[in-house]
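Chain by chain, the residues run as shown.
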Amino acid sequence: MPVAFAFAVMLGVSILSIFWHHKRKIIEDVKHETVEMKELLPMVLEADSKLMASQIELLQNNKILQKAWLAKDRGLLLKHAMPIFKNIQLKNPVTHFYFHNLDKSCFLRIHNPLRYGDSINRFTLDHTVRNGELTSGIELGPFGTFTLRVVYPWRINGKLTGFIELGEEIDAVTTNLKNILGVELIFLIYKQYLERSKWEEGLRMMGRTGDWDQYPRFVIINQYSEGLPADLTLELKNLQVDHKEKIVKLRVSGKNYCGGFVALIDAEKQNVGDMIVLNDVEKDEASSRLSLIVQTAICAFISLLLFTFFYFYIGRLEKSIVKTNNDLKTEIEDRKHAEDELKKYQGHLQELVEQKTTNLKKSNEQLQQEITSRKKAQEELQRLNQELEQRVEKRTQELMKTREALFQKEKLAVMGQLASCVGHELRNPLAVINNACYFLKMKFQSSSDEAVEDNINIIVREIATASKIVSDILDFSRIKLPVRQDIDINQLVKETLSRCSIPENITVSTDFSHDFVSVSIDPVQVGQIFANMIDNAAQAMKKGGTLKISTRAFNGNVDIIFVDEGCGIPDDNLDQIFEPLFTSKENGIGLGLAICKNLAQANRGKVMVESTVGRGSKFTVRFFAKG
């Protein structure tokens with residue numbers, strides 16, 4: 001039964017798969033014919049346009065028509081053009097025939113002689129007027145007619161005198177397509193391109209009926225041969241904007257139809273509506289049903305054959321299984337007898353095994369205890385060894401730090417002693433030399449010897465450099481306690497910039513934040529930090545560049561950021577630049593950044609640095625908000 005059930009399920013799935021495949025093929029055929037219509041429609045329109053263009057070329061050379069046109073004799077022109085129009089209609093489905101003036105007014109409609117004198121505003125005529133060349137394309141008329149139009153410039157004796165236009169309504173154009181593909185066509189035009197009053201007037205003129213309010217977005221401009229069925233009307237009412245790939249299914253007069261949508265593109269390349277291509281799928285579905293019935297019958301016949309085959313085949317298998325089962329029972333009895341014999345020896349063997357197992361277990365426990373003891377001793381020895389190494393390493397690091405601190409203290413002590421001596425012993429002589437230079441400069445003010453004046457200026461600059469070195473040494477050796485005030489950081493930066501001498505090849509740009517919390521600092525000491533930062537940035541940018549100064553406030557902190565485009569600081573020097581007496585400058589003594597660090601710490605702040613060699617450095621001075 002399970003095998004039969006499984007086989008029945010497989011047959012059912014196969015039948016359903018065949019049915020689905022047929023349904024799918026019908027849909028694919030509908031899509032294929034819709035695509036064919038998309039491809040054939042432009043080809044048919046182009047062929048008809050060329051045919052009408054050739055007919056207009058014959059018309060424009062007609063001497064009688066030329067004479068009547070130049071004379072502006074409407075009656076004579078109608079008399080001679082009407083037979084030509086009827087003759088054209090016998091061979092081709094032309095429905096419109098116009099003569100237009102140069103100002104785009106209609107001089108004569110051969111197909112409707114009573115209407116003339118109105119101004120024609122259509123793309124095809126406008127394009128011909130502008131470019132003086134033949135124009136063709138399908139256009140939507142004011143009365144809701146969708147017409148293929150060909151407009152030709154009428155030149156008589158080389159002079160442009162007017163325009164000739166022929167047209168075919170879309171129903172006439174698509175008649176051959178309907179016959180070739182065996183389809184029905186329904187034309188939908190979007191309401192946004194129509195006026196309701198003129199559309200309804202056009203229906204009355206052509207003896208047709210229609211309801212403007214039947215569908216929300218469009219109207220139907222042709223009469224479907226069977227009349228619109230209710231289910232298609234419901235489909236069209238619920239049609240969404242993105243319906244181009246939709247396939248509609250409906251039943252009309254006992255026949256099943258499937259249809260797709262083809263966009264209607266006018267001469268201005270506008271999508272003014274859709275063409276529904278309805279395919280009669282009744283024969284395909286009947287073929288599908290017949291195929292399904294045949295497949296079902298074949299499957300049922302194969303199932304009967306297989307059932308008969310399995311019935312007799314399984315019967316033989318059953319006899320073979322019964323014989324094998326009896327043989328197995330006999331063999332089981334023999335093995336049971338042998339098993340009883342083995343059980344007699346199993347008891348004695350079990351005792352021996354248990355005794356040996358007990359002895360091995362005791363030996364294993366002793367060995368395990370010994371291994372555990374050795375493992376503990378080894379772990380303890382390893383732990384003590386690691387602890388000893390850590391202690392030695394810690395003591396070594398402490399000794400190194402103590403040695404470095406001692407060396408630093410000795411260096412600072414020597415510097416302090418040196419500062420107290422130098423400050424007094426050098427400043428007075430430097431002041432005397434500076435006064436002497438001032439006297440000499442006044443003495444030689446009227447002299448024209450530029451070399452003397454240059455040398456005096458060199459002495460003055462070097463005196464200023466020496467005085468700054470003395471001031472840096474004194475500032476580093478005896479930093480005063482800060483006198484704190486609540487300060488506007490932005491204003492302090494501006495004041496410091498105004499006091500600094502910035503080379504002409506360096507541009508300073510600022511970006512100040514105004515969201516600051518209250519910060520209490522010593523403005524003199526912090527101004528010294530800022531001046532040192534600006535001076536260092538200027539020295540780093542010997543070839544010029546931009547110094548960017550910005551302020552930021554976040555998480556209760558205030559950052560003042562100095563970014564230069566100088567030579568940058570090597571990574572090996574970044575950890576040492578704040579150490580006293582460390583410098584990479586040719587004339588520096590290595591106290592500027594050390595003083596900045598000490599002054600920042602004295603004002604509850606710190607100095608941070610980031611740098612890339614060849615691209616510049618970024619120094620950040622951070623102060624913490626008062627708590």
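Residues numbered from 1 in each chain as written. Predicted model: local features only at pLDDT ≥ 70, side-chain atom pairs only at ≥ 80, totals over all residues. Heavy atoms only, no water.

(A) Region of interest: the pattern of salt bridges. For the coordinates displayed, the defined rule picks out 15 salt bridges. Close ionic contact of Asp 118 with Arg 115 constitutes a salt bridge, the shortest N to O distance being 3.7 Å. A salt bridge links Asp 559 to Arg 622; the shortest N-O distance between them is 2.7 Å. Of this pair, Asp 559 sits in strand 15 (residues 557–563) while Arg 622 sits in strand 17 (residues 616–624), and the two are 63 residues apart along the sequence. Of the two residues, Asp 559 and Arg 622, neither departs from the other in class, the shared state being buried. The network of salt bridges with shared partners includes Glu 380, Arg 383, Glu 387 and Arg 391. (Salt bridge = Lys/Arg side-chain N within 4 Å of Asp/Glu carboxyl O. Helix = DSSP H or I, 4+ residues; strand = E, 2+ residues; numbered from the N terminus. Buried < 20%, exposed > 50% of the residue type's maximum accessible area, 1.4 Å probe, protein only.)

(B) Focus on unusual backbone geometry. In this structure, Lys 72 is a non-glycine residue whose phi angle is positive, near 55°. Relative to the helices and strands, Lys 72 is located in the loop between helix 2 (63–70) and helix 3 (74–91). On the accessibility criterion, Lys 72 (39% relative accessible area) is partly exposed. Phi at Asn 157 is positive, roughly 60°, even though this residue is not glycine. Mapped onto the elements of the fold, Asn 157 is located in the loop between strand 4 (146–156) and strand 5 (159–169).

(C) A look at the packing of helix 10 (residues 489–499) against helix 11 (residues 523–540). As a packed pair, helix 10 and helix 11 sit with axes 9 Å apart at the nearest point and diverge in direction by 55°. Relative to helix 11, the element helix 10 lies oblique. The crossing of helix 10 and helix 11 is right-handed. Side by side, helix 10 and helix 11 meet where Leu 492, Val 493, Thr 496 and Leu 497 of the first sit next to Pro 523, Val 526, Gly 527, Phe 530, Ala 531 and Ile 534 of the second. (Axes fitted to C-alpha atoms, helices over the stretch in contact; angles between N-to-C directions. Parallel < 35°, antiparallel > 145°, perpendicular 65-115°, else oblique. Left-handed = near helix turned anticlockwise from the far one by under 90°. Contact = heavy atoms within 4.5 Å.)

(D) A look at the sheet that holds strand 1 (residues 96–100). Ordered by their spatial adjacency, five strands build an open sheet running 2-1-5-4-3, and the pairing between neighbours is antiparallel. Looking at the sheet topology across the chains shown, the edges are occupied by strand 2 (106–109) and strand 3 (135–140). Direction aside, neighbouring strands of the sheet carry axes that sit 25° apart on average. Where strand 3 and strand 4 come together, six bridges link them in antiparallel fashion. Note that in strand 4 the partner of Ser 136 across the bridge is Val 150. (Pairing = 2+ DSSP bridges.)

(E) Just the sheet that holds strand 12 (residues 506–511), in detail. The strand order across the open sheet built from five strands is 12-14-15-17-16, with neighbouring strands paired in mixed fashion. Whereas interior strands pair on both sides, the edge strands pair on one side only; in this sheet they are strand 12 and strand 16 (605–612). Direction aside, neighbouring strands of the sheet carry axes that sit 15° apart on average. Pairing of strand 15 with strand 17, which is carried by seven bridges, proceeds in the antiparallel orientation. Note that in strand 17 the partner of Ile 560 across the bridge is Val 621. Across the face of the sheet, helix 10 comes into contact with strand 12, strand 14 (545–554) and strand 15 while running at roughly 160° to strand 14. Across the sheet, helix 11 is in contact with strand 12, strand 14, strand 15, strand 16 and strand 17; its angle to strand 17 comes to roughly 175°.

(F) Fine view of the nonpolar core. The biggest cluster of nonpolar side chains holds 49 residues, and the ones touching the most others in it are Met 37, Leu 77, Phe 97, Phe 99, Phe 146, Ile 189 and Met 275. Per-element accounting of this core gives the leading share, eight residues, to helix 1 (residues 2–60). Beyond its immediate sequence surroundings of up to four residues, Ile 189 is in contact with Leu 140, Phe 146, Leu 194, Arg 217, Phe 218, Val 219, Ile 221, Leu 264, Val 272 and Gly 273. Formed by 33 residues, the second largest nonpolar core is a distinct cluster that contains Ile 506, Leu 547, Val 558 and Ile 560. (Core = buried A, V, L, I, M, F, W, Y, C linked by side-chain atoms within 4.5 Å.)

(G) How the structure looks around a nonpolar patch on the surface. Nonpolar side chains collect at one region of the surface, where Leu 290, Val 294, Ile 298, Phe 301, Ile 302 and Leu 305 lie side by side and expose about 560 Å² of accessible area between them. Locating Ile 298 in the fold gives a position in helix 8 (residues 282–443). Under the relative-accessibility criterion, Ile 298 is labelled partly exposed at 42%. (Patch = residues over 30% accessible without salt bridge, like charges linked within 9 Å, V, L, I, M, F, W, Y side chains within 5 Å. Areas by Shrake-Rupley, 256 points an atom, 1.4 Å probe, with all protein chains shown as cover.)

(H) Examining the packing of helix 11 against helix 12 (residues 592–602) more closely. Where helix 11 contacts helix 12, the axes come no closer than 9 Å and their chain directions differ by 150°. Classed by the angle they form, the pair helix 11 and helix 12 counts as roughly antiparallel. As for the relative orientation of helix 11 and helix 12, their crossing is left-handed in sense. Residues Gln 525, Gln 528, Ile 529, Asn 532, Met 533 and Asn 536 of helix 11 form the contact with helix 12, whose participating residues are Gly 592, Leu 593, Ile 595, Cys 596, Leu 599, Ala 600 and Ala 602. Taken together, the residues that form the contact of helix 11 with helix 12 break down as eight nonpolar, five polar and no charged. (Nonpolar A, V, L, I, M, F, W, Y, C, P; charged D, E, K, R; others polar.)

(I) Quick look at the pairing of strand 15. With six of seven residues buried, strand 15 lies mostly within the body of the structure. Two elements, strand 14 and strand 15, share seven bridges in a ladder whose sense is antiparallel. Opposite Ser 550, over in strand 15, you have Ile 561 as the bridge partner. What sits between strand 14 and strand 15 in their antiparallel hairpin is a turn of two residues, with Asn 555 showing a positive phi close to 50°.

(J) Spatial organisation of helix 3. Between the first and last C-alpha of helix 3 there are 26 Å, a value that for 18 residues agrees with the 26 Å anticipated at 1.5 Å per step. A maximum bend of about 30° is found in helix 3 at Ala 81, where proline Pro 83 lies one to four positions downstream. Residues Leu 77, Ala 81, Phe 85 and Ile 88 constitute the buried set of helix 3. Where helix 3 begins, one side-chain oxygen reaches toward the backbone nitrogen of Gly 75, 3.3 Å away; that side chain belongs to Asp 73. (Expected span 1.5 Å × (residues − 1). Bend = angle between axes of the 7 residues up to and from the residue. Polar contact = N/O pair within 3.5 Å; in protein donor to acceptor, adjacent residues only side chain to side chain.)

(K) Looking closely at the packing of aromatic side chains. Under the criterion given, the structure shown has seven aromatic pairs. When the centroid spacing of 5.2 Å and the interplanar angle of 85° are considered together, the rings of Trp 69 and Phe 107 count as edge-to-face. Here Phe 107 lies in strand 2 and Trp 69 lies in helix 2, a separation of 38 residues in the sequence. Taken individually, Trp 69 and Phe 107 each receive the classification buried, so the pair is uniform in this respect. The ring of Phe 107 carries Lys 72 above its face, with NZ or CZ at 5.2 Å from the centroid. Directly above the ring of Tyr 98 sits Arg 122, whose terminal nitrogen or CZ lies 5.2 Å from the centroid. (Phe/Tyr/Trp six-rings, centres within 6.5 Å; stacked < 30°, edge-to-face > 60°. Lys NZ or Arg CZ within 6 Å of the ring centre and 35° of its normal.)

That is the geometry; function is a separate question.
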